[in-house]
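Descriptive structure summary
Chain by chain, the residues:
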Amino acid sequence: MTHPTILIGTTKGAFLLSHADGWQVSGPHCGGWGINHVVGDAETGHIWAGGGGDWFGAGIWRSTDRGATWSLAKLSNGQMDEWAAGDPDMAAMFDWTPTETPFDGQVTSIWSLHHAHGRLYAGGNPANLYVSTDNGETWTQSESLASFPDREQWAPGAAGLVLHSIVSHDDPAKLWLGISAAGVFATEDGGESWARRNRISNADACDHHHHPAAPSGGEIGHCVHNIARAEGDLLYQQNHHGTYRSPDGGRVWHDISHGLPSSFGFPIAVHPRDPETLWTIPLNGDIDGRFPPGARAAVWKSTDGGQSWSDKRAGLPQQGCFFTVLRQAMAVHGDATLGFGTNTGSIFLSHDEGETWDEVTRHLPTILSVEMM
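Residues numbered from 1 in each chain as written. Predicted model: local features only at pLDDT ≥ 70, side-chain atom pairs only at ≥ 80, totals over all residues. Heavy atoms only, no water.

1. Overview of the overall build of the chain
Looking only at helices and strands, the chain features three helices and 28 strands. The C-alpha atoms of the chain give 20 Å as radius of gyration, which agrees with the globular expectation for 373 residues (21 Å, within 12%). With the C-alpha coordinates aligned to their principal axes, the bounding extent of the chain is approximately 60 × 55 × 40 Å. The buried share of the chain, taken over its 373 residues, is 56%. (Helix = DSSP H or I, 4+ residues; strand = E, 2+ residues; numbered from the N terminus. Rg over C-alpha atoms; globule rule 2.2 N^0.38 Å. Buried < 20%, exposed > 50% of the residue type's maximum accessible area, 1.4 Å probe, protein only.)

Below you can see the structure in the form of structure tokens.
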């Protein structure tokens, strides 16, 4: 069996999980930064890790040797830089030197990364899109998104106004973004312009909801949690208040939550070869603890595009399970190896399209993202 390298972002750096006579963990990488997302390019072996926060500022770490060594492209300074600049002893303790940063005051952390068509994209907090054409050495900001007409009305989610999902198409001019809590945005001209795409197929579905993140005004809830593309313009979305499918690039969304135990969850993943097969991990609710319903873990699978769902529990804890799986902490590999990470530091893998599961490592820091290379 061929095992992919698992790329893991955590609150205490990036980790790589590889298989050679058993699963082996490498890390933590990236200088103690909180790393929100790690992605890689299998052809070149390049790996990128985005993160930061108030202390470090925002930046993207890069490895060109499959994680052996790392360098940092810093986008903004943090509190550490301010303190170290005024205190030589602190600067020496941190081994700190001044770094010119292009987006000070504009971004506090990087939340998402995506590599496609020779470009590397990064989503920030606050929600801006950054683009690199030199593999992550230098970055520019999408001015069209930064100046979007109603941007001042965007409301942050609990984690802030974060751009957490970046989805590309075979056509390099097409790209979709997920922003909490502003919704889905799409471009069909390579980022020259953006359109909001949140309309729900049945306006009646907006009635009788009292949750602030629920559909209203003819649109799905704007607190999108994760987006995945199946093929063409077929998209799936896990929202704060439901699971949705769009056959037309997000112009219209259909609710496919029926059959799931909860309308709340974070990640969604789509089969690499079958656009009708997808997985999600419902949680019991946003104010009820955010753990699996009944404290029994399950990955829910659909093989008909969300018309019906079945729960897959073999190998997953079925009592006293209170973990959370966050929005970027579930991934599928090209051979349909499926994996997810928990905020309790475990990685679970399935080699049979989610039917059975194995816990392959535990005791990592809080896992924020999982990808496979």
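After presenting the structure, the write-up continues.
2. Observations regarding the sheet that holds strand 23 (residues 310–312)
The strand order across the open sheet built from four strands is 20-21-22-23, with neighbouring strands paired in antiparallel fashion. Two strands in the sheet have a free side with no partner beyond their single neighbour: strand 20 (264–270) and strand 23. Taking the axes of each pair of neighbouring strands and ignoring which way they run, one obtains an average angle of 30° across the sheet. As paired strands, strand 22 (residues 299–302) and strand 23 are joined by three bridges and run antiparallel to one another. Paired with Lys 301 across the bridge in strand 23 is Ser 310. (Pairing = 2+ DSSP bridges. Axes fitted to C-alpha atoms, helices over the stretch in contact; angles between N-to-C directions.)

3. Description of unusual backbone geometry
In the segment running from Gly 27 into Pro 28, the intervening peptide bond is cis, with an omega of 0°. For Pro 28, the position within the fold is in strand 3 (residues 23–29). Note that the residue after Asn 125, namely Pro 126, is joined by a cis bond; omega there is 0°. By secondary structure assignment, the location of Pro 126 is in the loop between strand 9 (119–125) and strand 10 (129–132). Although it is not a glycine, Arg 66 adopts a positive phi angle of roughly 60°. Within the fold, Arg 66 resides in the loop between strand 6 (57–63) and strand 7 (71–74). We note that Asn 135 has phi near 65°; this positive angle belongs to a residue other than glycine. Summarising the element assignment, Asn 135 is placed in the loop between strand 10 and strand 11 (140–141). On the accessibility criterion, Asn 135 (33% relative accessible area) is partly exposed.

4. Re the nonpolar core
The biggest cluster of nonpolar side chains holds 26 residues, and the ones touching the most others in it are Ile 8, Val 299, Met 330, Phe 340 and Ile 347. Ignoring anything within four residues of it in the chain, the contact list for Phe 340 reads Ile 281, Val 299, Leu 316, Phe 323, Val 325, Ala 329, Met 330, Ser 346, Ile 347, Phe 348, Trp 357 and Val 370. The next biggest cluster of nonpolar side chains, apart from the first, holds 17 residues, and it includes Leu 7, Cys 30, Trp 61 and Met 373. (Core = buried A, V, L, I, M, F, W, Y, C linked by side-chain atoms within 4.5 Å. Contact = heavy atoms within 4.5 Å.)

5. Some thoughts on the packing of aromatic side chains
According to the stated counting rule, one finds 14 aromatic pairs in the structure shown. Taking the centre distance of 5.1 Å and the plane angle of 20° together, the rings of Trp 33 and Phe 56 count as stacked. Highlighted residues: Trp 33 in the loop between strand 3 and strand 4 (35–41) and Phe 56 in the loop between strand 5 (46–53) and strand 6, separated in sequence by 23 residues. Here Phe 56 falls in the buried class, since its relative accessible area comes to 17%. (Phe/Tyr/Trp six-rings, centres within 6.5 Å; stacked < 30°, edge-to-face > 60°.)

6. Quick look at the sheet that holds strand 14 (residues 183–187)
Spatially, the four strands line up as an open sheet ordered 12-13-14-15, and their pairing is antiparallel. If you trace the sheet from one side to the other, it starts and ends with strand 12 (162–168) and strand 15 (195–196), each paired once. With six bridges joining them, strand 12 and strand 13 (residues 175–180) adopt antiparallel strand pairing. When the sheet's bridge partners are listed, Ile 166 is paired in strand 13 with Leu 177.

7. A word on the side chain of Ser 168
Among the secondary structure elements, Ser 168 is positioned in strand 12. Polar contacts involving the side chain of Ser 168 include one to the side chain of His 114, which spans 2.7 Å. The residues touching Ser 168, leaving out its near neighbours within four places in the chain, are His 114, Ala 116, Lys 174, Leu 175, Trp 176 and Arg 229. (Polar contact = N/O pair within 3.5 Å; in protein donor to acceptor, adjacent residues only side chain to side chain.)

8. Some remarks on the pattern of salt bridges
All chains considered together, the criterion is met by 12 salt bridges. The closest approach of N and O atoms between Lys 74 and Asp 81, which form a salt bridge, is 2.8 Å. Neither Lys 74 nor Asp 81 differs from the other in exposure class; each is buried. With its nearest N and O atoms 3.2 Å apart, the salt bridge here joins Glu 188 to Arg 197. By relative accessible area, Glu 188 is classed as partly exposed at 39%. Relative accessible area serves as the criterion here: at 10%, Arg 197 is assigned to the buried category. (Salt bridge = Lys/Arg side-chain N within 4 Å of Asp/Glu carboxyl O.)

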